[in-house]
Amino acid sequence: MQSGLTYTRMQMGNIRLMERYWKQKDDALTAQVRANWSAIEKLIAGNPYALNWGPIRPGTERTAGLHPDHAPAKTKKPRANDLDLN
């Protein structure tokens, strides 16, 4: 389906933009990402049976960090199993 491919390309663009955005916040990047999300919303509205808006909207676990208003998910630090004194 063309709509799925278009969505994937737009999200890949968002991923690249947001990686740069979280390192150094920039208004130009914010505007581009918001424009991409607006286009994604229109794409989904035109193809509601091809893409399910619920799990892929901004702010869900799947899209954490892909929108300027929703920070990336925090990663847990691995815990030490035990102290090996040998």
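This structure is a prediction, so every number in the text was calculated from the model and none was measured.

A. Layout of the packing of aromatic side chains. Inspection of the entire model under this criterion finds two aromatic pairs. Where Y21 meets W22, the ring centres are 5.0 Å apart and the plane angle is 75°; that geometry is what we call edge-to-face. On the accessibility criterion, Y21 (9% relative accessible area) is buried. Look at W37 and W53: their rings are 6.4 Å apart centre to centre, the planes differ by 80°, and that puts the pair in the edge-to-face class. In this pair, W37 sits in helix α2 (residues 27-46) while W53 sits in helix α3 (residues 53-56), placing the two residues 16 residues apart along the sequence.

B. Focus on the nonpolar core. Core analysis: the largest hydrophobic core is formed by 14 residues, its most contacted members being Y7, V33, W37, I40, I44, L51 and I56. For this core, the elements supplying multiple residues, two or more each, are α1 (2-23) and α2. No other element matches the six residues that α2 contributes to this core. Beyond its immediate stretch of four places on either side in the chain, I56 contacts Y7, W37, I44, L51 and T63.

C. Up close: the confidence of the model for the protein. Per-residue confidence for the protein gives a mean pLDDT of 88, with 91% of residues at or over 70. Here α3 stands out as the element of the protein with the lowest mean pLDDT, 91, in contrast to α2, whose mean of 94 is the highest.

Rules used throughout
Residues numbered from 1 in each chain as written. Predicted model: local features only at pLDDT ≥ 70, side-chain atom pairs only at ≥ 80, totals over all residues. Heavy atoms only, no water. Phe/Tyr/Trp six-rings, centres within 6.5 Å; stacked < 30°, edge-to-face > 60°. Buried < 20%, exposed > 50% of the residue type's maximum accessible area, 1.4 Å probe, protein only. Helix = DSSP H or I, 4+ residues; strand = E, 2+ residues; numbered from the N terminus. Core = buried A, V, L, I, M, F, W, Y, C linked by side-chain atoms within 4.5 Å. Contact = heavy atoms within 4.5 Å. pLDDT = per-residue confidence, 0-100.

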